[in-house]
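# Structural overview for review
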2 protein chains.
Amino acid sequence: MNIVFLGTSAGVPTKTRNVTGIAVREERGSGWYLVDCGEGTQHQILHTNLSINALQAIFITHIHGDHCYGLPGILASAAMNGRKAPLKIMAPSGVKEWVEATQQHTQLYLPYDIEFVCTDDLPSVEFRKVRVETVALSHRVPSYAYRFTEKDINPRLDVEKLEQHNIPRGPHWGQLQKRQDVELNGKLIHCEDYLLYDQNPQKIIVAGDNDQPELLAQISHGASVLIHEATYTKDLVEKSGNNYGHSYAELVATFAEQANIPNLVLTHFSPRYQANPNLSPSIADIYQEAKAHYSGNLFLANDLDEYQLNKSNVLKKL
Amino acid sequence: MNIVFLGTSAGVPTKTRNVTGIAVREERGSGWYLVDCGEGTQHQILHTNLSINALQAIFITHIHGDHCYGLPGILASAAMNGRKAPLKIMAPSGVKEWVEATQQHTQLYLPYDIEFVCTDDLPSVEFRKVRVETVALSHRVPSYAYRFTEKDINPRLDVEKLEQHNIPRGPHWGQLQKRQDVELNGKLIHCEDYLLYDQNPQKIIVAGDNDQPELLAQISHGASVLIHEATYTKDLVEKSGNNYGHSYAELVATFAEQANIPNLVLTHFSPRYQANPNLSPSIADIYQEAKAHYSGNLFLANDLDEYQLNKSNVLKKL
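Numbers given to residues run from 1 along each chain, matching the order in which its sequence is written. The lettering of chains begins at A and the numbering of ligands begins at 1, in the order of writing. Restriction of local features to residues with pLDDT of at least 70 applies here, the model being predicted, together with a cutoff of 80 or more for giving and counting side-chain atom pairs; totals for whole chains, interfaces and linings are based on all residues. Here the side-chain values reflect all heavy atoms present in the structure, with hydrogen atoms and water set aside.

Under an unreviewed UniProt entry, the name given to chain A is Ribonuclease Z, and the organism recorded is Marinomonas pontica. UniProt positions are given in the numbering used here, feature names are shortened, and annotations may be inferred rather than shown by experiment. In UniProt, chain A has this text filed under Catalytic activity (unreviewed entry): "Endonucleolytic cleavage of RNA, removing extra 3' nucleotides from tRNA precursor, generating 3' termini of tRNAs. A 3'-hydroxy group is left at the tRNA terminus and a 5'-phosphoryl group is left at the trailer molecule." Under Subunit (unreviewed entry), UniProt gives the following word-for-word description of chain A: "Homodimer."

What follows is the structure, given as structure tokens:
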């Protein structure tokens, strides 16, 4: 899977960072999933090769505006772009009501169906190429993480077993590999009995705003990548005496280290952290704090960064 | 007055043009007014020297998303920016209901008051430095134009009249000029009797989507600038047989010529018109069509263009 960051700022946009939007792309083809849709997400998409028509579903982590105020615009633009395919939106309570109020009050007509799935029920949703599970986090409002697990849609044939069972080579092997059952000499052969699936599917966790990373412990087993907010550094939270429901770099890094997650991407930085490392506080402070508590592959996301997770579960910035 | 274009594309944003947003600035100081607020308007503001805290009021021309979907974000960012001053929003029916639904469903708390004025009643609203009048246009939904008339807040003293009336020079002349009544030798002197106001205040019309420019005829008397959409060229409307409630360049240019408006700025271009004049159709086609029917000072707006109207009513691009 690939990841494209469409916005990496907390609360308000800056000149160089938009508010939150994260694209998770299927490994092959143009299909992709959008996690959060802050205002201006559709504008950021124009600077990528993502197609709104190939968008499979939208996931909203929580109801705060910097994570969902881009929804009306992206839905309207998809309509003007000629989208006809239904669109699934997984979101906590409030989002469905807001989108419906938007349609009503702003005369927004959509020529495609929206299927809302309420995240508060912690659903697991199947798509053709991924399965997405939900876990509850801790924030000022209900907030959630989504775990994307790649489905192996091209399993290998178990040749050894086929030969053991005296099923001779022929066109039916091809059918079995395409996940079709076949009849041979009057006997039905079930494809699933002769297919070998990848035992280590890629798993990527995209978390919403959250001040208790340990809530991700269970869902982190076998995860290759954690994308998590690090809104602050520790000193700033201690100084203000309030974390506003957010994590600081050390907190996330320590969790990712203990959970043995090999790749960690931090995002959602408070606009007070400046790009210039010679100014204080700076984004570099967040990096250094996290690096001191995490020995894996660490990244701080920038807008329009694209990352690829390879078969060895190493995340690389493209 | 000054004008800053924050978005000049129709319907959807492009890589170089955002959806509609137009800032009208007071001549002195930092006060300004926003006409329309498409998604991403607050992002565009970051690239200007406009301050959200100095925003005096927002005017929405009509309910379509490309003219108002930036409202929730700009209101939220003003709150995070510490705004306490009330904000007036003049808008047609539906906008108030939508903003209130947004506050309710997305837990948007604003630490300042919003005062809604319904544009459907064609109000005239007074601000300290400008008066704004409303006129109804023709579009698929109720759409309006706003005329900004500069108030003369620094009238001159009528020295001749003061001398005629034997009111001698002294500190009370300064008070009169500051629009304070004074008592002199037991007699009350009303400042308004001795003040000379500018007889030709600057008037700028900012029109919403509209396929009948002649509806602006009455309000155009004495107007220095007309800002109007020219979504299409004539050939494109004739070819499709549908104007979707929009104007083409010739239509607006012909009206501005007949109405003797000295400065015309066209905006809100369909994304199909390309920047490269060697491609077809191009933005240059819109310019040429308008130029053929208008002898005044013609501009096609680009995002972040700033224009200044001087005392001779000549509009100049800064």
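## Focus on helix α7 (residues 249–258) of chain A
Along α7 of chain A, the residues that are buried comprise Ala249, Glu250, Val252, Ala253, Phe255 and Ala256 of chain A. Asn260 of chain A occupies a position one or two residues after α7 of chain A and carries a positive phi of about 60°. Here's how the labels work: a residue is buried when its accessible area is under 20% of the maximum for its type, exposed when over 50%, partly exposed in between, all with a 1.4 Å probe on protein chains only. Only runs of H or I of at least four residues qualify as helices and only runs of E of at least two qualify as strands under DSSP, and these elements are numbered from the N terminus.

## A word on the interface of chain B and chain A
Size of an interface: often given as the accessible area lost when the parts come together. A contact between two residues is defined here by any heavy atoms of the two lying within 4.5 Å. With 34 residues of chain B at the interface, the matching set in chain A holds 34 residues. Buried area: the accessible surface (1.4 Å probe) lost by two parts on joining, summed over both. Carbon and sulfur atoms make up 64% of the area that chain B and chain A hide from each other, which totals about 2700 Å². Its largest share of buried area at the contact with chain A, chain B owes to Glu39, Tyr69 and His105 of chain B, together 25% of the area lost on that side. Should a side-chain nitrogen of Lys or Arg be within 4 Å of a carboxyl oxygen of Asp or Glu, the pair is scored as a salt bridge. At the boundary of chain B and chain A, one finds zero salt bridges. Counted as a polar contact is a pair of N or O atoms within 3.5 Å, where, for protein atoms, one must be capable of donating a hydrogen and the other of accepting one, and residues adjacent in sequence contribute only when both atoms are in side chains. Where chain B packs against chain A, one counts twelve residue pairs in polar contact (both at pLDDT 80 or more). Where the side of chain B that touches chain A is concerned, the elements lending two or more residues are α1 (41–45), α3 (71–80) and α4 (95–105) of chain B. The element that contributes the greatest number of residues to the side of chain B that touches chain A is α3 of chain B, accounting for six residues. The residue classification treats Ala, Val, Leu, Ile, Met, Phe, Trp, Tyr, Cys and Pro as nonpolar and Asp, Glu, Lys and Arg as charged. All others, Gly included, are polar. When the residues that make up the side of chain B that touches chain A are grouped by side-chain class, the tally is 14 nonpolar, 17 polar and three charged.

## So, the UniProt feature "binding site: Zn(2+) 1" (unreviewed entry) in chain A
All names here are of chain A. Following the UniProt record, the feature "binding site: Zn(2+) 1" (unreviewed entry) maps to His62, His64, His139 and Asp209 here. Sequence-wise these annotated residues cover 148 residues; spatially they are packed, their C-alpha atoms never more than 10.6 Å apart. With sequence-adjacent residues up to four places away left out, His62 is seen in contact with Asp36, His67, Pro92, His139, Val141, Pro142, Ser143 and Asp209. When you line up the elements, His64 lands in the loop between β4 (55–59) and α2 (71–80).

## Regarding unusual backbone geometry
Cis rather than trans, the peptide bond between Ser280 of chain A and Pro281 of chain A has omega equal to -5°. Along the chain, the position of Pro281 of chain A falls in the loop between β16 (263–267) and α8 (283–291). Within the chain, Gln107 of chain A stands out as a residue other than glycine whose phi angle is a positive 50°. In this structure, Gln107 of chain A sits in the loop between α3 (95–105) and β6 (114–118). Taking the relative accessible area as the measure of exposure, Gln107 of chain A reaches 51% and is therefore exposed. Backbone geometry at Asn185 of chain B places phi at a positive 50°, although glycine is not the residue there. Mapped onto the elements of the fold, Asn185 of chain B is located in the loop between β11 (182–184) and β12 (187–189).

## Things to note about the packing of α3 of chain A against α4 of chain B
Two elements in contact, α3 of chain A and α4 of chain B, have axes separated by 9 Å at closest approach and are oriented at 180°. Relative to α4 of chain B, α3 of chain A is oriented roughly antiparallel. Residues Glu97, Trp98, Ala101, Thr102 and His105 of chain A of α3 of chain A form the contact with α4 of chain B, whose own contacting residues are Glu97, Trp98, Ala101, Thr102 and His105 of chain B. Partitioned by chemical class, the residues of the contact of α3 of chain A with α4 of chain B number four nonpolar, four polar and two charged. Axis definition: a line fitted to C-alpha atoms, over the contacting stretch in the case of helices. Angles run 0 to 180 degrees between N-to-C directions. Here the angle decides the label: under 35 degrees means roughly parallel, over 145 means roughly antiparallel, 65 to 115 means roughly perpendicular, and every other value means oblique.

## Digging into the side chain of Arg147 of chain A
Residue and element names in this part refer to chain A. Among the structural elements, Arg147 can be located in strand β9 (residues 144–150). Assessed through its relative accessible area of 9%, Arg147 is described here as buried. Engagement of the side chain of Arg147 in a polar contact is seen with the backbone oxygen of Ile219, the distance being 2.9 Å. When sequence neighbours within four positions are dropped, the list of residues in contact with Arg147 reads Arg131, Val132, Glu133, Lys203, Ile204, Ile205, Ile219 and His221.

## Side note on the nonpolar core
Ile58, Leu71 and Leu75 of chain A together with Ile58, Leu71 and Leu75 of chain B are the most contacted members of the largest nonpolar core, which totals 65 residues. If near-sequence neighbours (up to four positions away) are discounted, Leu75 of chain B is found in contact with Ile58, Leu87, Ile89, Val99, Leu110, Tyr112 and Ile114 of chain B. We define a nonpolar core as any set of buried Ala, Val, Leu, Ile, Met, Phe, Trp, Tyr and Cys residues linked to one another through side-chain atoms lying within 4.5 Å.

## Looking at the relation of the copies chain B and chain A
C-alpha atoms of residues with pLDDT of at least 70 in both copies form the basis for the least-squares superposition of the copies. Rotating chain B by 180° about the axis while translating it 0.0 Å along that axis superimposes it on chain A, leaving an RMSD of 0.1 Å. Classification of the inter-copy transformation places it as that of a two-fold axis. When C-alpha distances to the rotation axis are compared across chain B, the minimum falls at Gly40 of chain B, with a value of 2.6 Å.

## Things to note about the sheet that holds strand β2 (residues 21–25) of chain A
Strand-to-strand pairing in sheets goes through backbone hydrogen bonds, with the strands running parallel or antiparallel. Residue and element names in this part refer to chain A. Whether two strands pair depends on DSSP finding at least two bridges between them. Pairing is mixed in the open sheet, where eight strands are placed in the order β6-β5-β4-β3-β2-β1-β18-β19. The sheet terminates laterally at β6 and β19 (315–317), the two strands that pair on one side only. On average, each strand axis in the sheet is inclined to that of its neighbour by 20°, with strand direction left out of account. One ladder, built from four bridges, connects strand β3 (residues 32–37) with β4; its direction is parallel. The partner of Val35 across the bridge, within β4, is Phe59.

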